[in-house]
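Fold and contact review
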Amino acid sequence: MKITGRNIKRRLYGVSKLRDRMSRARYFRGHNVHSPFVYSLVRQVFMRSKPMSDDRSFIEALIARGVSEKRAVQLHNLCVHCGYSSRSIDDAESDCSFMCVSANVEPARIAAFAEAARKRGATLAVIAPYKNREREAACREIVAAHTCTTVDNRAYLLIFNNHLPKQHFRL
């Protein structure tokens, strides 16, 4: 049997991402997460497919910005679970408890959003942190400099500014 280049490519498909998958596998469904807060996020927010309340205005606003419905429901459920009463999308000046940065915001402006959220004690969600290299680098710098808990869900990066210790979870 002759081994051709095409068959080898098919057999090795996904090997380049194996390290990333293995590093995230330990947090599958909250297993091995030693933070009660993050464990409750995984079990009660990320694993829930239906909205926790009837108000769909935030979900519709996120979908209008290009977020998938599944991720929009997760972010809505996060707001309900954590008790965030005020929310904003792409507005660093608003005084709210939960801020979202959509994929349309330039990577250079993400640090300003993180600083504004830190000053207010708000939680920041950066949508599509791996959209391009510049955005990924900006998110890594924010995580490295951040003093509280961060949760990387591949589709969005959650940056909490509260009493939690410095930890980084890659789900």
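In what follows, the accompanying structure is described. (Residues numbered from 1 in each chain as written. Predicted model: local features only at pLDDT ≥ 70, side-chain atom pairs only at ≥ 80, totals over all residues. Heavy atoms only, no water.)

A word on the overall build of the protein chain. Each helix and strand counted, the protein chain has seven helices and six strands in total. Going from the N terminus to the C terminus, the protein chain shows its helices and strands as α-α-α-α-α-β-β-α-β-α-β-β-β. Put simply, the protein chain has 171 residues, and 41% of those count as buried. In the protein chain, the proportion of contacts linking residues at least 24 apart, taken out of those at least 6 apart, comes to 52%. For the protein chain, the accessible area works out to roughly 10,200 Å², and carbon and sulfur atoms hold 52% of it. (Helix = DSSP H or I, 4+ residues; strand = E, 2+ residues; numbered from the N terminus. Buried < 20%, exposed > 50% of the residue type's maximum accessible area, 1.4 Å probe, protein only. Contact = heavy atoms within 4.5 Å. Areas by Shrake-Rupley, 256 points an atom, 1.4 Å probe, with all protein chains shown as cover.)

Interaxial distance between helix H6 (residues 107–120) and helix H7 (residues 133–145) falls to 8 Å at its minimum, and their mutual angle equals 25°. Classed by the angle they form, the pair H6 and H7 counts as roughly parallel. In this structure, H6 crosses over H7, and the sense of that crossing is right-handed. Contacts between H6 and H7 involve Pro-107, Ile-110, Ala-111 and Ala-114 from the first element and Glu-134, Arg-135, Ala-138 and Ile-142 from the second. A breakdown of the residues in the contact of H6 with H7 according to their chemical character gives six nonpolar, no polar and two charged. (Axes fitted to C-alpha atoms, helices over the stretch in contact; angles between N-to-C directions. Parallel < 35°, antiparallel > 145°, perpendicular 65-115°, else oblique. Left-handed = near helix turned anticlockwise from the far one by under 90°. Nonpolar A, V, L, I, M, F, W, Y, C, P; charged D, E, K, R; others polar.)

Let us now look at the pattern of salt bridges. According to the stated counting rule, one finds seven salt bridges in the structure shown. A salt bridge links Glu-69 to Arg-56; the shortest N-O distance between them is 3.5 Å. On the criterion of sequence distance, the pair formed by Glu-69 in helix H5 (residues 69–82) and Arg-56 in the loop between helix H3 (36–46) and helix H4 (57–64) is long-range, its members being 13 residues apart. Glu-69 sits in the partly exposed class, given a relative accessible area of 47%. Relative accessible area serves as the criterion here: at 31%, Arg-56 is assigned to the partly exposed category. In this structure, Glu-106 engages Arg-109 in a salt bridge whose closest nitrogen and oxygen atoms are separated by 3.8 Å. Accessibility expressed as a relative area gives 42% for Glu-106, which makes it partly exposed. Overall, the relative accessible area of 39% leaves Arg-109 in the partly exposed class. One network of salt bridges, in which partners are shared, links Arg-56, Glu-60 and Glu-69. (Salt bridge = Lys/Arg side-chain N within 4 Å of Asp/Glu carboxyl O.)

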